[in-house]
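Analysis of the macromolecular model
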Amino acid sequence: MTEAPTVEREPVVETELDLLVTVIVSIVVGVGLVVGTRASATALLAAVAGVQALLAFAWVFGTQVPGRKGALVLATLAAAGADVAVSVWPHDKLGPLLAVVGLAIPALFVHQLTRGAARVHVVGSMSAVAVLVLAEVGAAGLVQLRHEFGGGDLGAKVAAAAAASLAGALLIGCLVDLVAPIPRFDPAVPRGLLGLLAAAGLGASLGYLMLRGEADFVGGRSAFVGAALGALAGFVAIGTAFVLHSTGSVTGPAARWMRGVLSAVLPIAVLAPVAFLLCLAIRS
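These numbers were taken from a predicted model, which means no experiment stands behind them.

Criteria and cut-off values
- Residues numbered from 1 in each chain as written.
- Predicted model: local features only at pLDDT ≥ 70, side-chain atom pairs only at ≥ 80, totals over all residues.
- Heavy atoms only, no water.
- Helix = DSSP H or I, 4+ residues; strand = E, 2+ residues; numbered from the N terminus.
- Rg over C-alpha atoms; globule rule 2.2 N^0.38 Å.
- Buried < 20%, exposed > 50% of the residue type's maximum accessible area, 1.4 Å probe, protein only.
- Contact = heavy atoms within 4.5 Å.
- Areas by Shrake-Rupley, 256 points an atom, 1.4 Å probe, with all protein chains shown as cover.
- Lys, Arg positive; Asp, Glu negative; His and termini not counted.
- Charge placed at Lys NZ, Arg CZ, Asp CG, Glu CD.
- 1 Å grid on protein atoms, 1.4 Å probe; cavity = no way out; pocket = protein on both sides within 12 Å on 5 of 7 lines; lining within 4 Å.
- Points joined across faces, edges and corners; volume = space filled by probe spheres on them.
- Phe/Tyr/Trp six-rings, centres within 6.5 Å; stacked < 30°, edge-to-face > 60°.
- Lys NZ or Arg CZ within 6 Å of the ring centre and 35° of its normal.
- Salt bridge = Lys/Arg side-chain N within 4 Å of Asp/Glu carboxyl O.

1. Re the overall build of the chain
Within the chain one finds 10 helices and two strands. Element order for the chain, N to C, with α for helix and β for strand: α-α-α-α-α-α-α-β-β-α-α-α. For the chain, the C-alpha radius of gyration of 19 Å lies close to 19 Å, the compact-globule estimate for 284 residues. Viewed in the frame of its principal axes, the chain has a C-alpha envelope of about 65 × 45 × 25 Å. Burial status across the chain gives 47% buried among its 284 residues. Counting only contacts in the chain whose residues sit at least 6 apart along the sequence, the fraction spanning at least 24 positions is 72%. If you sum the accessible surface of the chain, you get close to 12,600 Å²; carbon and sulfur atoms cover 73% of it. Of the side-chain charges in the chain, 16 are positive and 15 negative, and the distance between the mean point of each set is 5 Å.

Structure, rendered in structure tokens:
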């Protein structure tokens, strides 16, 4: 009778820990990306590489994906290929990144063939690694966004605004869900609509503040870009929470921390190409 509250409380404590880790990582990653963006293209590339490294370990160990060693190798190769592509072809939009994704597809099959006797849950392993590869490649979109708007102050401002809107949305969404995750999208997942609205609102504020006065983002365009990225970051964060909930509990403190890290870096990585296309459409 006395142990029941403890058993019921344990999932709540784990969820709160995940959200707190996500808050901390969102701050660190957001600041790193913004500072790197404002400094130089090389500094931004280094910051993106750091995000890619965090993402690889967080996805592999946070979701307990089968075939971990091969998944880490593929993630490293995809991240390196994407970073080289945006450095060698800085003004070719997202085309070079599509080439990296194309080369990764046969590598996904080779990975499964090399697993040998441990080849179980093939479909689950391949799909999980495919998502990881796409996210690793997508993270480099922030570098390409800076290049697209020129290597000067405008490019740095646009990429910094995109990174700040994404990271800020994740931060405020987690803080709101820590206090009041209402109304919930699912009773078992403590992420609510209020946090999503807060993410869109803060994204709009950051977009407006960081891009105001720029000719390409006048007439409320800066706020629209920030709000759209903030809302999308909130949606992807909620989706990530559902993914982590469906994978069940993990063992070990490191794996628990990795789940919180994943909730912070995955939305930024997968939405970097979206930020590129959105800003390009607004400018056009």
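2. A few points about the environment of Val243
Tracing the backbone through its elements, the reader meets Val243 in helix H9 (residues 221–247). Here the alpha-carbon distance between Val243 and Thr63, two residues 180 residues apart in the chain, equals 8.2 Å.

3. Some points on empty space enclosed by the protein
Taken as a whole and assessed by the stated rule, the structure comprises one cavity of 30 Å³ or more. The wall of the largest cavity is formed by Leu33, Val48, Val51, Ala139, Leu142, Ile268, Ala269 and Ala272. At the level of secondary structure, the elements contributing two or more residues to the lining of the largest cavity comprise helix H2 (41–62) and helix H10 (253–283).

4. What to know about the packing of aromatic side chains
In this description, a pair of aromatic rings is defined by centroid distance and the angle of the planes. Throughout the structure, instances matching the rule amount to two aromatic pairs. Look at Phe57 and Phe61: their rings are 6.1 Å apart centre to centre, the planes differ by 5 degrees, and that puts the pair in the stacked class. Note that Phe57 and Phe61 are positioned in helix H2 at a spacing of four residues, about one turn of the helix. Taking the relative accessible area as the measure of exposure, Phe57 reaches 43% and is therefore partly exposed. The ring of Phe149 carries the charged tip of Arg283 above its face, separated from the ring centre by 4.7 Å.

5. Remarks on the side chain of Glu136
Looking at the secondary structure, you find Glu136 in helix H5 (residues 122–139). Although buried, Glu136 forms no salt bridge, and the nearest oppositely charged side chain, Arg68, lies 15 Å from it. Sequence-distant contacts of Glu136, that is, excluding residues within four places in its chain, are made with Gln52, Leu55, Ala56, Ala75, Ala78, Ala79 and Ala82.

6. Side note on unusual backbone geometry
In most cases, non-glycine residues show a negative phi, while peptide bonds are predominantly trans. For the bond from Ile182 to Pro183, the omega torsion is -25 degrees, close enough to zero to count as cis. Tracing the backbone shows Pro183 in the loop between helix H7 (153–179) and strand S1 (184–186). The phi dihedral of Gln64 falls on the positive side, at around 55 degrees, and the residue is not glycine. Mapped onto the elements of the fold, Gln64 is located in the loop between H2 and helix H3 (68–88). Its identity is not glycine, yet Lys93 carries a phi of approximately 55 degrees, on the positive side. Relative to the assigned elements, Lys93 resides in the loop between H3 and helix H4 (95–113).

7. Concerning the pattern of salt bridges
Overall, the coordinates contain seven salt bridges when judged by the stated rule. Of the charged contacts in the structure, one is a salt bridge between Arg38 and Asp153, with a shortest N-O distance of 3.5 Å. Of this pair, Arg38 sits in helix H1 (residues 4–39) while Asp153 sits in helix H7, and the two are 115 residues apart along the sequence. Residue classification places Arg38 among the partly exposed residues on the basis of a relative accessible area of 41%. In this structure, Lys157 engages Asp153 in a salt bridge whose closest nitrogen and oxygen atoms are separated by 3.8 Å. One end of the pair, Lys157, and the other, Asp153, are both in helix H7, four residues apart, so they sit about a helical turn from each other. Lys157 sits in the partly exposed class, given a relative accessible area of 22%. Classification of Asp153 by relative accessible area gives partly exposed; the value is 44%. Overlapping salt bridges, with partners in common, bring together Arg38, Asp153, Lys157 and Glu214 in one network.

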